[in-house]
Amino acid sequence: MPRDPRYDILFEPVKIGPVVAKNRFFQVPHCNGMGHAKPRSHAAMRAVKAEGGWAVVSTEEVEIHPSSDLSPYVEGRLWDDSDIPFLELMTRAVHQHGALAAIELVHAGMNAANLYSREIPLAPSHITTAANYSPSQARAMSKADIRAYRRWHRQAAVRARRAGFDVIYVYAAHSLSLPMHFLQTRHNHRSDEYGGSLVNRARLLRELIEETKEAVGGDCAVAVRFAVDELRGADGISAAGEGRELVEMLAELPDLWDVNVSDWANDSMTSRFAAEGFQEEFVRFVKSVTSKPVVGVGRFTSPDTMVSQIRRGVLDFIGAARPSIADPFLPRKIENGDIDDIRECIGCNVCVTGDSTMTPIRCTQNPTMGEEWRKGWHPERIPPRSGNDSFLIVGAGPAGLECARLLGRRGYAVHLVEAGAQLGGRVTRESRLPGLTAWARVRDYRVNQLNKMQDVVILRGSAVTAEHILEFGATRVVLATGSRWRRDGVGRANAFAIRGFDLPGRVFAPDDVIDGVGPQGATVVFDDDHYYLGALLAEKLRAGGLEVTLVTPADRVSAWTANTLEQHAIQKHLLELGVTIVTNHNVVEFDGTRATLECTFTGRHTRVSAFSIVPVTSRQPNDTLAETLDAAPDAVAAAGIASVTSIGDCLAPSTIGAAVYAGHRYAREFDWPQSDAAGFTRELPQN
Ligand SMILES: Cc1cc2nc3c(=O)[nH]c(=O)nc-3n(C[C@H](O)[C@H](O)[C@H](O)COP(=O)(O)O)c2cc1C
Ligand code: SF4
């Protein structure tokens, strides 16, 4: 389809200092858990972005010195010349697709615990390190330290140019780098020319920009990433105050401004807490005070929103981290008029968990993310079918939908059978919870793709039995029947059913609450799952007017969401809604009027009023069909069925992203020879 002329403006070239970006799509820096430890995987992932049409493809934070050692987190590294060949893997791959390669040079200062290098962390003033309550302090930098840091930065810029980068970032954002720490009055208590007035606190940033330009400015563009607002009022930098003053002060110095809000959790806010384009109110002043091109972010997935940002003079470049992860081919799809095919980011921040768990990046929407090199998976290309198999997929949740989509793309005949009236399974149901509307995109993208496929038949309202399956005539059967939440409280903290959790009409599984079959009276939500659901159910019930107590054995609400940058916002939100929170307690009994809680440290018991209980503890796979067919191998063989495979939650309940991955993986690999090996190419250490 030809491109809609309304979007032409997105494909105009833009000059950035000495280089030219071929369009306005700018993949801003994002870490990925591969970085310096898995440079081939990293390069292949960036190459796919470049192939997908991003004019500029950036690295993640790249450490420039051993005193900025972010271990065990896996970022980029440019400590000395020996790192250059690994970064060159990326620049070469990106250049092959006509994109510019950008590098974000970072000295993390007090945020670097230096656990590997054992250097003492550096800061503007004597201050505790920011890393995980580490019992160490950062030391105030002397003038000699500042001179050394400027030298390291200059050297890193020269090395970056040698590695082939076209755009070189000076980084003062997210409260994660020395230049920003120097800007912040709460971190900079100096009385010399680097402390005090904004002019003084900005001195270091100014020097770094000037020196980077001096060192490489003839060949490379010098970009500044700056957080114009920390969303912490008078205590921080704000767009109405020093954020604006700083941009005004340095307006024409860099070749490009990449502006956002800080900290990282505010910048990469999930869809639960912020809508597309939410940063506009903070960054819109920037273009009025500089003639240099401006990049901004805000989970942009809609081409109309993008055009509006450009036309209204808010931004020159559409910056994107998550939208480029969910769909590396987003620009190409707009360019080719394939708007319907865009796989929109749902704003869940599962991609961020790669950083916090120090493992390769994963994405709920894009199961190929992080698998480009080690599995050779491409988000848009898949090998054609290898035989004449026909497929019956039972269950149209995230696993079944993705499996059908990909098998359909491979050219197989597929019947996708769903017992319910609606497609999407848990995605459809969970997306009705407060703030999760965007999660329905997991379903919508896939259903939309399936509707275009001739050879995929979708049957709704068809509850199938094992007999139906045997009679159906498909050569391969895929079971994707999902799971259901337990009502008996069994989970991490309780290996056996909790006494009283069988009281009729008083204990409600999460599935009941999602479906609107609600508890009454004072309600205890017992969250032993620790992801988003417990808190969301508490929120829903509280919004319905109930008195709600959330009890968790963890030390905070939704503990695992620290990995998705949401924990703070979730707990704050519940407290503001008036949900009572009890942490470090297990629920051990319910008598119909009170729940007995047990302190996880002392074992001491206390009681809270409870008319109803909602246990969010663990799930039971819906595996009856699998068990029945497993018990009848002769009947399966006689029916001409070559394999019966369970995927997703019906095999082992997990995240929506894991279900999508399971569906994708089956469709790619069902015809691979069986092997005991890892199933992917391992990236081994080299010296
Ligand atoms: C997985 C992930 C890793 C990120 N890592 C970095 C990073 O290394 N450096 C940086 O400046 N910003 C980083 N960010 C922030 C993004 O560059 C971006 O500013 C933010 O996600 C908002 O843009 P988006 O809505 O397009 O995702 C990261 C974001 C994500 C989602
Ligand atoms: S993991 Fe979630 S937030 Fe991250 S890119 Fe994918 S869909 Fe978007």
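Going by the structure above, here's the rest.
This report concerns the structure included in the present document.

About the thresholds
Residues numbered from 1 in each chain as written. Chains lettered and ligands numbered in written order. Predicted model: local features only at pLDDT ≥ 70, side-chain atom pairs only at ≥ 80, totals over all residues. Heavy atoms only, no water. Pairing = 2+ DSSP bridges. Helix = DSSP H or I, 4+ residues; strand = E, 2+ residues; numbered from the N terminus. Axes fitted to C-alpha atoms, helices over the stretch in contact; angles between N-to-C directions. Expected span 1.5 Å × (residues − 1). Buried < 20%, exposed > 50% of the residue type's maximum accessible area, 1.4 Å probe, protein only. Contact = heavy atoms within 4.5 Å. Parallel < 35°, antiparallel > 145°, perpendicular 65-115°, else oblique. Left-handed = near helix turned anticlockwise from the far one by under 90°. Nonpolar A, V, L, I, M, F, W, Y, C, P; charged D, E, K, R; others polar. Salt bridge = Lys/Arg side-chain N within 4 Å of Asp/Glu carboxyl O. Near = heavy atom within 4 Å. Polar contact = N/O pair within 3.5 Å; in protein donor to acceptor, adjacent residues only side chain to side chain. Areas by Shrake-Rupley, 256 points an atom, 1.4 Å probe, with all protein chains shown as cover. Arc of directions from axis to C-beta. Phe/Tyr/Trp six-rings, centres within 6.5 Å; stacked < 30°, edge-to-face > 60°. Core = buried A, V, L, I, M, F, W, Y, C linked by side-chain atoms within 4.5 Å. Patch = residues over 30% accessible without salt bridge, like charges linked within 9 Å, V, L, I, M, F, W, Y side chains within 5 Å.

**Quick word on the sheet that holds strand S21 (residues 548–551)**
Spatially, four strands are ordered S22-S21-S20-S26 in an open sheet, and the strand pairing comes out parallel. Across the chains shown, the open sheet's two edge strands, defined by having one partner strand only, are strand S22 (580–582) and strand S26 (612–616). Neighbour to neighbour, the strand axes of the sheet diverge by 20° on average, direction disregarded.

**Brief notes about helix H2 (residues 84–96)**
For H2, with 13 residues, the first-to-last C-alpha span of 18 Å sits near the 18 Å given by 1.5 Å per residue. Turning to H2, its buried residues number three or more, namely Ile 84, Leu 87, Met 90, Thr 91, Ala 93 and Val 94. Buried residues belonging to H2 abut helix H1 (39–51), strand S4 (56–63), strand S5 (76–77), strand S6 (100–106) and helix H3 (143–162). Just downstream of H2 lies Gly 98, where phi reads positive at about 75°.

**Description of the packing of H1 against H2**
Relative orientation of the contacting elements H1 and H2 amounts to 20°, with a least axis distance of 8 Å. In terms of orientation, H1 lies roughly parallel with respect to H2. Classified by chirality, the crossing of H2 by H1 is right-handed. Seen from H1, the contacting residues are Pro 39, Arg 40, His 42, Ala 43, Arg 46, Ala 47 and Ala 50; seen from H2, they are Phe 86, Leu 89, Met 90, Ala 93 and Val 94. Classifying every residue of the contact of H1 with H2 by side-chain character gives nine nonpolar, one polar and two charged.

**Structural notes on the pattern of salt bridges**
With the rule as written, the count across this model stands at 53 salt bridges. In this structure, the salt-bridge partner of Asp 81 is Arg 162, at a minimum N-O distance of 3.4 Å. Here Arg 162 lies in helix H3 and Asp 81 lies in the loop between S5 and H2, a separation of 81 residues in the sequence. Between Glu 430 and Arg 426 there is a salt bridge whose closest N-O contact spans 3.1 Å. Of the two residues, Glu 430 and Arg 426 both sit in helix H16 (residues 426–430), four residues apart, roughly one turn of that helix. With a relative accessible area of 5%, Glu 430 lands in the buried category.

**Examining the site of ligand 1**
As a matter of local geometry, ligand 1 sits amid 23 residues, with Pro 29, Glu 104, Asp 267, Arg 299 and Arg 322 nearest to it. Contacts to ligand 1 include Ser 268, whose side-chain N or O atom sits 2.7 Å from an oxygen atom. Here an oxygen atom of ligand 1 sits 2.7 Å away from a polar atom, N or O, in the side chain of Arg 322. Burial of ligand 1 by the surrounding chains reaches 99%, relative to a free accessible area of 600 Å².

**Here we look at the sheet that holds strand S8 (residues 127–128)**
The strand order across the open sheet formed by three strands is S7-S9-S8, and the pairing between neighbours is mixed. A strand with exactly one partner marks an edge of an open sheet, and here the two such strands are strand S7 (122–123) and S8. As judged from the two bridges shared by S7 and strand S9 (residues 137–140), these two strands associate in the parallel manner. Pairing of Leu 122 across the sheet is with Arg 139, part of S9.

**Some thoughts on the environment of Arg 441**
Here Arg 441 is to be found in helix H17 (residues 441–451). In sequence terms Arg 441 and Glu 344 are 97 residues apart; their C-alpha atoms lie 6.7 Å from each other. Excluding its chain neighbours within four sequence positions, the residues that come into contact with Arg 441 are Thr 301, Glu 344, Cys 345, Ile 346 and Gln 365.

**Observations concerning helix H21 (residues 567–577)**
Listed as buried for H21 are Gln 567, Ile 570, Gln 571 and Leu 574. One face of H21 carries all of its buried residues, which in axial projection span an arc of 95°. Exposed residues lying more than 90 degrees from the buried face of H21 are His 568 and Glu 576. Looking at the buried side of H21, the elements it contacts are helix H20 (533–543), S21 and S22. Of the residues flanking the end of H21, it is Gly 578, one or two places downstream, whose phi is positive at about 90°.

**Comments concerning the packing of aromatic side chains**
The tally for this structure, following the rule as stated, stands at 15 aromatic pairs. Between Phe 226 and Trp 257, the ring centres sit 6.4 Å apart and the planes meet at 65°, which makes this aromatic pair edge-to-face. Taken as a pair, Phe 226 in strand S11 (residues 221–229) and Trp 257 in strand S12 (residues 256–261) lie far apart in primary sequence, 31 residues in all. Of the two residues, Phe 226 and Trp 257, neither departs from the other in class, the shared state being buried. Taken together, the ring pairs connect Phe 391, Tyr 412, Tyr 666 and Phe 670 into an aromatic cluster.

**What to know about the nonpolar core**
Leu 10, Ile 103, Phe 226, Val 228, Trp 257 and Ile 334 are the most contacted members of the largest nonpolar core, which totals 85 residues. The greatest single-element share of this core, amounting to seven residues, is contributed by H3. If we ignore the near neighbours within four places in the chain, the residues touching Leu 10 are Asn 23, Arg 24, Phe 25, Pro 303, Met 306, Val 307, Ile 310, Ile 318 and Ile 334. Counting 33 residues, the second largest nonpolar core, distinct from the first, contains Leu 436, Val 525, Leu 537 and Val 548.

**Side note on unusual backbone geometry**
Of note, the bond from Ser 71 into Pro 72 is cis; its omega dihedral lies within 30 degrees of zero at 5°. Mapped onto the elements, Pro 72 comes out in the loop between S4 and S5. Non-glycine residue Arg 299 carries a positive phi angle of around 50°. Among the secondary structure elements, Arg 299 is positioned in the loop between strand S13 (294–296) and helix H11 (303–311). The phi dihedral of Asn 349 is positive, around 65°, even though this residue is not glycine. Locating Asn 349 in the fold gives a position in the loop between helix H13 (330–335) and helix H14 (353–356).

**Regarding the side chain of Arg 476**
Its place among the elements puts Arg 476 in strand S18 (residues 476–479). Separated by 3.0 Å, the side chains of Arg 476 and Asp 389 make a polar contact. Contacts of Arg 476, omitting those with residues within four sequence positions, involve Asp 389, Ser 390, Phe 391, Leu 392, Ala 642, Ser 643, Tyr 666 and Phe 670.

**What to know about a nonpolar patch on the surface**
Residues Val 457, Leu 459 and Phe 472 make up a contiguous nonpolar surface patch of roughly 210 Å² in combined accessible area. Along the polypeptide, Val 457 turns up in strand S17 (residues 456–459).

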